[in-house]
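Each chain is listed here by its residues.
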Amino acid sequence: MKNCLVVDDSKVIRKVARHILESLELSVREAVDGQDALTQCEAAAPDVVLLDWNMPVMSGMEFLQALTHTKLTARPKIIFCTTENGISHIKAAVEAGADEYVMKPFDRETLESKLAIVGVI
């Protein structure tokens with residue numbers, strides 16, 4: 001079973017994402033910010049990270065930059081999931097290493113299609 005790390009400071013978003021991801025037969029872990037996510041990735045790398053942009057402690061972009069400096073043998077796919085919809089944000093995310101980009105609010109079909117695009121399902 002593939003696994004996903006949902007990184008968002010909103011408990012509601014994490015709960016909604018967990019429900020959708022588990023219905024797609026993915027195992028789900030949660031992180032409340034980028035630092036928590038980085039620690040979890042170093043302990044056991046997920047197949048995919050659903051990553052919020054704006055979070056306290058460590059933002060999604062800071063997490064993505066820090067992830068490139070880890071010694072992970074297999075880099076997880078990164079799907080940014082955020083309210084930031086400007087073309088400059090999307091371009092910055094892709095240039096930093098994001099594999100896909102999803103706008104909040106999202107639904108099952110949108111998330112499922114992005115997961116298929118990155119090859120997780």
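See the structure shown above.
Residues numbered from 1 in each chain as written. Predicted model: local features only at pLDDT ≥ 70, side-chain atom pairs only at ≥ 80, totals over all residues. Heavy atoms only, no water.

Undergrad: Quick question: what am I supposed to make of the pattern of salt bridges here?
TA: Any two side chains of opposite charge can pair if their charged atoms end up close together. If you walk through the whole model with that rule in mind, you get nine salt bridges. A salt bridge links K104 to D52; the nearest nitrogen and oxygen atoms lie 3.2 Å apart. Separated by 52 residues along the polypeptide, K104 in the loop between β5 (100-103) and α5 (108-117) and D52 in the loop between β3 (48-51) and α3 (60-67) bring together distant segments of the chain. What makes K104 buried here is its relative accessible area of 17%. Here D99 makes a salt bridge to R75, at a shortest N to O gap of 3.3 Å. Taken as a pair, D99 in the loop between α4 (87-96) and β5 and R75 in the loop between α3 and β4 (77-82) lie far apart in primary sequence, 24 residues in all. Where salt bridges share partners, they join R14, R18, E22 and E30 into one cluster. (Salt bridge = Lys/Arg side-chain N within 4 Å of Asp/Glu carboxyl O. Helix = DSSP H or I, 4+ residues; strand = E, 2+ residues; numbered from the N terminus. Buried < 20%, exposed > 50% of the residue type's maximum accessible area, 1.4 Å probe, protein only.)

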